[in-house]
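# Reading the structure
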Amino acid sequence: MFSLFVLLLTFIDSTHSITVKVPKNFINVTVGETIYLQCTFATNQPTTNLLVQWTFYSRSSISPQQVYFYQAGTAYISPQFKGRLTMLNQVNTTMNASISISNMQAADSGSYTCEAHNIPDIEGITSASVLVKVLEKPSVPYCAVHGTVEMGHLVTLTCHSEKGSPSPNYTWTKLQQGRSSRVLGQTDVTTGFMYIRNISEFEFGEYQCNASNVVGFATCSIVLHTELNGGAIAGVVIGAILGAVLIFLLVWFITHQLKKKKHKVSKENKQQSVKSVEYVVVPAKPIEDHGEEEA
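All values derive from a computational prediction rather than experimental measurement.

Our next topic: the pairing of strand β15 (residues 169-176). In this sheet, strand β19 (residues 205-212) lies alongside β15 in antiparallel orientation, the contact comprising 7 bridges. Residue pairing for β19: N169 is matched across the bridge by S212. Here 3 bridges tie β15 to strand β16 (residues 179-181), and the two strands are oriented antiparallel to one another. For L175, the partnering residue across the bridge sits in β16 and is S180.

Take a look at the structure:
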């Protein structure tokens, strides 16, 4: 029995295998921070022909990208991680292939795989992966208004942040004297759209959009007020012109009537003056013939 046990130990010891392990399978990191990717391996063979590499599988790319490569004392770091990646240990002597990457960016999100191959190891677990998610605060969103801002019309407010991981949620509030109040429109928290149907004067005012995720938030605001479109402006101009013409005609009519009345009064006064002058005709007195009477 004892001899069988010794034979079994000898068989196990002579098996050429390697085992790669990572302590964490998921890691979250914020933009700008440093991440530590731990990886160790175990083998009972000399590490003279050791090969270690880290491979990055991006969410936006199908093909993998080599991050770090080590073989026979020579190391290589890819350009994307040059100046940011550091090997934390002497990999061939410590059997520790852990690395650190500084100044993490949103584009660094993805799966990182640690691989170790050591000839003459011919079996075992040669790789292990870590899923990394880079969290990013939403960037300052852009607010806009779409539609005709007049009573009775449909108005749409939009809000969108170019950056943010995970994708931010959007909420709209109305600002009144520095305080936020509930809006009456219908809001889509995933797209940032808010619909105000059949808008009235009660909905006019300043609106604020809040884009937020687990990292932080950012806001933008827009003032919603009534506006005149092209047809309304033309109507106002035409109305002003017609009003001016009407006033001119009214003034002309009143002035003309006053002049006409004044002329009539003057004429009547002149006629009355002419009639008031009377001429008295004195009849001629007959001459008496005194001579004939004496005869």
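On we go from here.
On to the side chain of T158. When you line up the elements, T158 lands in strand β14 (residues 155-160). A relative accessible area of 13% places T158 in the buried class. Here H146 takes part through its side chain, which lies 3.2 Å from a polar atom of the side chain of T158. Apart from residues lying up to four places away in sequence, T158 is in contact with Y142, C143, A144, H146, W172, G192 and F193.

Quick look at the sheet that holds strand β11 (residues 123-125) now. If you walk across this open sheet you meet the 3 strands as β4-β1-β11, and the pairing is mixed. Here the strands that pair on one side only, and so sit at the sheet edges, are β4 (40-43) and β11. Averaged over all pairs of adjacent strands, the angle between their axes in this sheet comes to 15°, without regard to strand direction. With 4 bridges connecting them, strand β1 (residues 17-21) and β4 associate as antiparallel partners. Residue pairing across strands places K21 opposite T40, the latter belonging to β4.

Next up on the list: the packing of aromatic side chains. All told, the structure shown has 4 aromatic pairs when counted by the stated rule. With centroids separated by 6.1 Å and ring planes inclined at 85°, the aromatic side chains of F56 and F81 adopt a geometry described as edge-to-face. Residue F56 is found in strand β5 (residues 50-58), and its partner F81 is found in the loop between β7 (74-77) and β8 (85-87); the two are separated by 25 residues along the sequence. According to the relative accessible area criterion, F81 is buried, its value standing at 0%.

When you line up the elements, Q208 lands in strand β19. According to the relative accessible area criterion, Q208 is partly exposed, its value standing at 24%. A C-alpha to C-alpha distance of 6.9 Å links Q208 and L175, two positions 33 residues apart in sequence. Apart from the residues within four sequence positions on either side, Q208 is in contact with T171, W172, T173, L175, T219, C220 and S221.

Rules and cut-offs
- Here the residue index of a chain counts from 1 through its sequence in written order.
- Local features in a predicted model are, by the rule used here, given only for residues with pLDDT of at least 70; side-chain atom pairs are given and counted only at 80 or more, and totals for whole chains, interfaces and linings are based on all residues.
- The side-chain values count all of the structure's non-hydrogen atoms but skip hydrogen atoms and water molecules.
- Strands were regarded as paired on the criterion that DSSP finds at least two bridges between them.
- Each helix is a run of DSSP H or I of at least 4 residues and each strand a run of E of at least 2, with the numbering of both proceeding from the N terminus.
- Each residue gets one of three labels from its accessible area relative to the maximum for its type: buried under 20%, exposed over 50%, partly exposed in between, using a 1.4 Å probe on protein chains only.
- Polar contacts, as used here, are pairs of N or O atoms within 3.5 Å; protein pairs need one atom able to donate a hydrogen and one able to accept it. Residues neighboring in sequence count only if both atoms are side-chain atoms.
- Note on contacts: a residue pair qualifies if any of its non-hydrogen atoms lie within 4.5 Å across the two residues.
- All axes are obtained by fitting lines to C-alpha atoms, using only the stretch in contact for helices, and the reported angles, taken between N-to-C directions, cover 0 to 180 degrees.
- Here a pair means two rings of Phe, Tyr or Trp (six-membered ring of Trp) with centres within 6.5 Å. Their orientation is stacked below 30 degrees between planes, edge-to-face above 60, and tilted elsewhere.

Such coordinate-based values are descriptive only and should not be taken to indicate function.
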